[in-house]
Amino acid sequence: MVLRRCCKFGPVLVWFRLGYVVLLWICVTHLRCARAETKTVVQKDAEFDVTYNDTVTSDNQTIYAFNHTVSRNKTEGVRVTVDVLSEGAESSPILFVVRQKQAVLSFQVPLILRGLYQRKYPYAHVGRTLCQPPTRSLTETQYFFVDVSTLSSLGTHYQLRISRVDSFTLHTDKKFSFTASPSQPQYFKYVFPDGVDTVIVKVNSEMTFPCSVMSIQDIQCPVYDLDNNVAFIGMYQTMTKTAAITVQRKDFPSNSFYVVVVVKTEDEACGGPLRFYPLRPDELIDAGNRSKTLDVVVSPAISSDVYVMGMLFCLGIFLSFYLLTFLVACVENKRSVDRPTVVYRKPGVTPVSPYEYGSFVDNASTLSSEAITDSIASDANYGYMGQEILKRRPFLTAIHHVAIRIERSLESVAGRSRQESLSSIEEDDYDTLADIDSDKNIVRTKKYLCVSDLARKDKRVLSKKYQIYFWNIATIGVFYALPVIQLVITYQTVVNVTGNQDICYYNFLCAHPLGNLSAFNNILSNLGYVMLGLLFLLIVLQRDVIHSRALDRNDLNALECGIPKHFGLFYAMGTALMMEGLLSACYHVCPNYTNFQFDTSFMYMIAGLCVLKLYQKRHPDINASAYTAYACLAAVIFFSVLGVVFGKGNMVFWIVFSVLHILATMLLSTQLYYMGRWRLDSGILRRIVYVIYTDCIRQCSGPMYIDRMVLLVMGNIVNWSLAAYGLLKTPNDFASYLLAIAICNLLLYFAFYIIMKLRSGERIQCMAMVCILFTAVVWGFALFFFFQGLSTWQKTPAESREHNRDCIVLSFFDDHDIWHFLSSIAMFGSFLVLLTMDDDLNNVQRDKIFVF
């Protein structure tokens with residue numbers, strides 16, 4: 001019965017208990033609300049430049065009310081300074097909220113700023129400048145409130161002070177000094193004066209560290225002035241001792257902007273030391289004293305007239321070379337008309353002109369047998385035995401002379417129809433028989449070689465072979481330049497959109513923008529490479545046309561005298577100089593370590609082509625083909641990329657590169673010493689051991705080719721020394737190190753060539769000597785400006801800016817621009833040296849010109 005009653009009243013008890021719980025919850029909620037409503041809110045009328053000492057707990061909240069008069073014609077800054085005096089406030093910080101008419105600023109004290117690896121730095125002293133809302137009235141009274149609150153049940157003592165910033169507005173060309181720290185950033189306002197469209201904002205400090213950031217932001221609220229948000233908008237760059245940003249009026253519709261200076265919590269971004277990793281994730285680290293004294297000055301940038309003067313100056317310099325070249329060509333043409341060309345024959349034979357030489361052959365019967373024999377022997381390129389046979393048999397000499405004269409007459413009558421298409425002539429059509437190959441081994445291993453020994457191949461075949469150099473480099477240039485241009489345009493777009501000026505390593509003290517380009521002057525100064533490269537191509541074209549006409553009329557000077565004229569490598573050198581100018585301009589759109597190879601790739605090309613041209617002068621038959629040469633240069637550029645990406649501090653890379661460098665030097669030395677008459681196969685070691693046994697052990701004999709051996713020994717010493725330097729020092733700038741190797745080898749070979757030329761009794765003509773001296777002087781001045789080092793991507797952007805300098809020419813060009821001017825002129829002069837240095841041999845037969 002009792003159980004039945006319990007079951008009957010069970011649901012009623014459940015509902016009763018549920019109602020009791022709900023009622024209890026309502027009561028507790030009301031009690032909490034009543035308790036919350038007991039929190040004390042105190043509002044105080046406050047004044048500027050008064051320090052308020054107060055305590056805040058979770059039970060009270062203090063509101064400070066301020067008012068001040070704002071004028072439309074005068075901008076006055078307001079600064080909030082807060083100090084927390086109680087210890088242990090990090091666990092329950094105080095929240096300060098500044099409510100303005102059109103802006104709200106909130107921050108906690110102690111202010112916690114984060115560094116790398118989530119390191120936390122507390123700052124108990126905080127100072128912030130309030131954003132000034134614009135006003136349309138002539139004068140207006142504005143109110144703002146400072147709310148102070150915390151969740152700490154314990155009292156936290158603080159100090160609050162609101163003050164006016166009298167020097168909030170910067171004036172043109174007036175320096176202003178101030179102090180900033182990570183928790184006390186500073187910013188100032190600048191208004192463009194009438195007639196000024198571009199200004200340069202410069203911030204300097206005598207202190208390298210702490211690292212800081214300068215930012216240019218539009219006049220809007222909020223202002224991003226903390227380390228963790230300063231990069232959100234506007235333009236910014238890190239700095240140690242100096243920073244400079246060029247600002248244009250067109251980028252700021254309000255014709256004014258803020259200059260924000262923030263001191264970073266850590267120095268890694270500026271190349272400073274890296275702090276230890278925190279042992280505990282939530283550990284607070286004392287940052288110490290990170291205050292920094294700085295000064296800021298805003299100066300007007302150059303006007304449009306200076307841009308025009310800079311462009312005219314650049315064009316005038318290089319157009320003067322066109323005028324000078326035209327005058328020299330006119331003088332040389334007049335001298336060549338007044339002075340007939342002569343053919344120098346063997347000692348004891350009177351020099352005759354090409355025109356007299358024709359009648360000399362026609363009247364062979366009236367000449368002595370010895371003179372006829374000498375002429376035929378030279379024309380037929382006979383050796384010593386052939387000359388002896390002709391001397392002893394005058395009758396055969398006369399018959400052979402008639403046959404040669406008939407052949408030449410037929411060739412002159414046929415004219416141009418006798419010339420075969422170059423496309424049907426291949427180098428492989430010659431020197432393929434076993435006896436010809438044997439003849440190569442005999443000729444090229446003689447102790448004393450003449451140019452005639454290494455100029456036996458058909459000139460049309462070699463002309464086609466060397467023209468490939470030009471077409472290949474033109475093709476390489478197009479395929480290389482197009483993606484480069486696209487990439488640097490993307491770089492410039494990223495810089496303009498993000499405002500991060502640490503991406504590009506400019507000389508910010510002399511970086512003049514034009515359109516979307518940040519440093520137009522550094523781009524314009526590369527015009528010399530293009531213009532002088534084009535001028536060199538025109539000079540080579542003129543010589544090529546003159547030489548082709550001489551060949552068409554069977555001029556004996558062109559056929560048998562002087563260094564064989566092959567212009568393909570010269571065309572390639574001129575094209576490489578033009579491409580160097582284009583790619584250097586692309587690099588200077590946004591110079592940094594990732595695209596430095598744009599500036600150096602064609603420098604490697606130019607150095608390699610100059611070495612090949614020097615070697616080709618006296619070795620035309622055995623010079624490297626275009627495919628082999630460009631494949632080797634491609635390998636050099638490949639290692640350049642690897643060195644930039646992986647070479648910094650990587651000892652494994654440097655060991656591999658040094659070994660390959662030394663092996664390549666030894667292989668090239670062997671190729672040059674034996675004139676290509678050796679094979680790299682499985683029997684190479686056996687032949688090396690045999691040579692060492694026969695020449696060093698069995699009998700001690702000196703080298704057969706002493707001059708070549710001297711050059712190669714010196715070359716190996718230089719290259720082994722460079723390899724050892726790279727292995728020991730591991731320089732950060734691998735691309736420049738590689739370029740230094742190429743230039744050292746070029747200079748060594750050029751010096752050897754000049755010394756051997758003079759040692760062989762040859763002379764250097766006046767024009768070539770003038771070019772050599774002029775080029776040497778210009779190179780000296782160019783290197784002086786190059787080593788000024790206005791920026792370097794081997795350091796951080798902030799450290800690089802310590803090397804920035806003001807413009808030195810027309811307030812438009814800096815030291816690096818002068819390097820561009822002078823180096824382009826020096827390269828042009830170097831090319832002219834290679835073009836003219838053997839002009840003294842134009843009338844000397846090739847069997848009288850020595851090979852070295």
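The structure reproduced in this document is the subject of the present report.

Quick look at unusual backbone geometry
Residues apart from glycine generally show negative phi values, whereas peptide bonds are mostly found in trans.
No. 1: Between Val109 and the following residue, Pro110, the backbone shows a cis peptide bond with an omega angle of 0°.
No. 2: Examined against the element boundaries, Pro110 turns out to sit in the loop between strand E6 (104–109) and strand E7 (111–114).
No. 3: Between Cys221 and Pro222 the backbone carries a cis peptide bond, its omega angle lying at 0°.
No. 4: On the secondary structure map, Pro222 appears in the loop between strand E16 (212–218) and strand E17 (235–239).
No. 5: Positioned with a positive phi, Asp49 is a non-glycine residue whose angle comes to about 60°.
No. 6: Within the chain, Asn255 stands out as a residue other than glycine whose phi angle is a positive 60°.

A short note on the packing of helix H8 (residues 459–498) against helix H12 (residues 568–589)
No. 1: Between H8 and H12, the least distance of the axes is 9 Å, while the angle of their chain directions is 5°. By the criterion of interaxial angle, the relationship of H8 to H12 is roughly parallel.
No. 2: In terms of residue class, the contact of H8 with H12 is built from 19 nonpolar, five polar and no charged.

What about the sheet that holds strand E12 (residues 169–170)?
No. 1: One open sheet accounts for five strands, arranged E12-E14-E19-E16-E17; its pairing is mixed. The sheet is open, and its two edges are formed by E12 and E17, each paired on a single side.
No. 2: Sheet topology places strand E14 (residues 186–191) next to strand E19 (residues 256–263); six bridges connect them, and they run antiparallel. Residue pairing for E19: Phe188 is matched across the bridge by Val259.

Quick notes on the pattern of salt bridges
No. 1: Applying the stated criterion across every chain, the model contains 21 salt bridges.
No. 2: Here Arg119 ties to Glu266 by a salt bridge, and the two come within 2.6 Å at their closest N and O atoms. Linking Arg119 in the loop between E7 and strand E8 (120–123) with Glu266 in the loop between E19 and strand E20 (292–300), this pair joins segments that are 147 residues apart in sequence. Glu266 matches Arg119 in its accessibility class, with the two residues each being buried.
No. 3: Residues Arg618 and Asp838 are paired through a salt bridge, measuring 3.3 Å at the closest nitrogen-oxygen approach. Placement of Arg618 in helix H13 (residues 596–618) and of Asp838 in the segment after helix H21 (815–836) is noted, with a sequence separation of 220 residues between them.
No. 4: Note on Arg618: relative accessible area 0%, which makes it buried.

A few points about the nonpolar core
No. 1: One finds Tyr469, Phe536, Leu609 and Tyr630 to be the most contacted residues of the largest nonpolar core, which totals 110 residues.
No. 2: Beyond its immediate sequence surroundings of up to four residues, Tyr469 is in contact with Gly568, Leu569, Ala572, Leu609, Leu612, Ala624, Ser625, Ala626, Ala629 and Tyr630.
No. 3: If you look at the next biggest cluster of nonpolar residues, it comprises 31 residues, including Tyr121, Tyr123, Leu130 and Leu160.

Overview of the side chain of Asp295
No. 1: Along the polypeptide, Asp295 turns up in strand E20.
No. 2: Of the side chains bearing the opposite charge, Lys175 lies closest to the buried Asp295, which forms no salt bridge; the N-O distance is 4.4 Å.

Here's the deal with the state of the cysteines
No. 1: Applying the stated rule across the entire model yields four disulfides.
No. 2: Each sulfur in the disulfide pair Cys504 and Cys590 lies 1.8 Å from the other. Between Cys504 and Cys590, the S-S torsion sits near -90°, and that sign places the bridge as left-handed. You can see Cys504 sitting in the loop between H8 and helix H9 (520–524) and its partner Cys590 sitting in the loop between H12 and H13, a full 86 residues away along the chain.
No. 3: Looking at Cys590, the relative accessible area reads 0%, which means it is buried.
No. 4: Each sulfur of the disulfide joining Cys510 and Cys807 lies 1.8 Å from the other. Across the disulfide from Cys510 to Cys807, rotation about the S-S bond amounts to roughly 110°, and the bridge is consequently right-handed. Of the two residues, Cys510 is situated in the loop between H8 and H9 and Cys807 in the loop between helix H20 (797–800) and H21; the sequence distance between them amounts to 297 residues.
No. 5: Counting its disulfide-bonded cysteines in sequence order, the chain shows a connectivity of 1-3, 2-4, 5-7, 6-8.

Conventions adopted
- One numbering rule holds for all chains: residues counted from 1, following each sequence as written.
- Reporting of local features is limited, given that this is a predicted model, to residues whose pLDDT is at least 70; pairs of side-chain atoms are given and counted only at 80 or more, and all residues count toward the totals for whole chains, interfaces and linings.
- Heavy atoms throughout the structure, all of them, feed into the side-chain values; hydrogens and water do not.
- Helix numbering and strand numbering both begin at the N terminus, where a helix is a DSSP run of H or I of at least 4 residues and a strand a DSSP run of E of at least 2.
- Simply put, an axis is a line fit to the C-alpha atoms, just over the touching stretch for a helix, and the angle between two N-to-C directions goes from 0 to 180 degrees.
- Here is the rule for angles: anything less than 35 degrees is roughly parallel, anything more than 145 is roughly antiparallel, 65 through 115 is roughly perpendicular, and the remaining ranges are oblique.
- Classes in brief: Ala, Val, Leu, Ile, Met, Phe, Trp, Tyr, Cys and Pro nonpolar; Asp, Glu, Lys and Arg charged; the others, Gly included, polar.
- At least two DSSP bridges between two strands are needed for those strands to be called paired.
- In the sections that follow, a salt bridge refers to a side-chain nitrogen of Lys or Arg positioned within 4 Å of a carboxyl oxygen of Asp or Glu.
- Partly exposed residues are those whose accessible area sits between 20% and 50% of the maximum for their type, while under 20% is buried and over 50% is exposed, using a 1.4 Å probe and protein chains only.
- We define a nonpolar core as any set of buried Ala, Val, Leu, Ile, Met, Phe, Trp, Tyr and Cys residues linked to one another through side-chain atoms lying within 4.5 Å.
- The contact definition used throughout considers only heavy atoms, calling two residues in contact when any of these lie within 4.5 Å.
- In this tally Asp and Glu are treated as negative and Lys and Arg as positive; neither His nor the chain ends contributes.
- Pairs of cysteine sulfur atoms within 2.5 Å are what we label disulfides.

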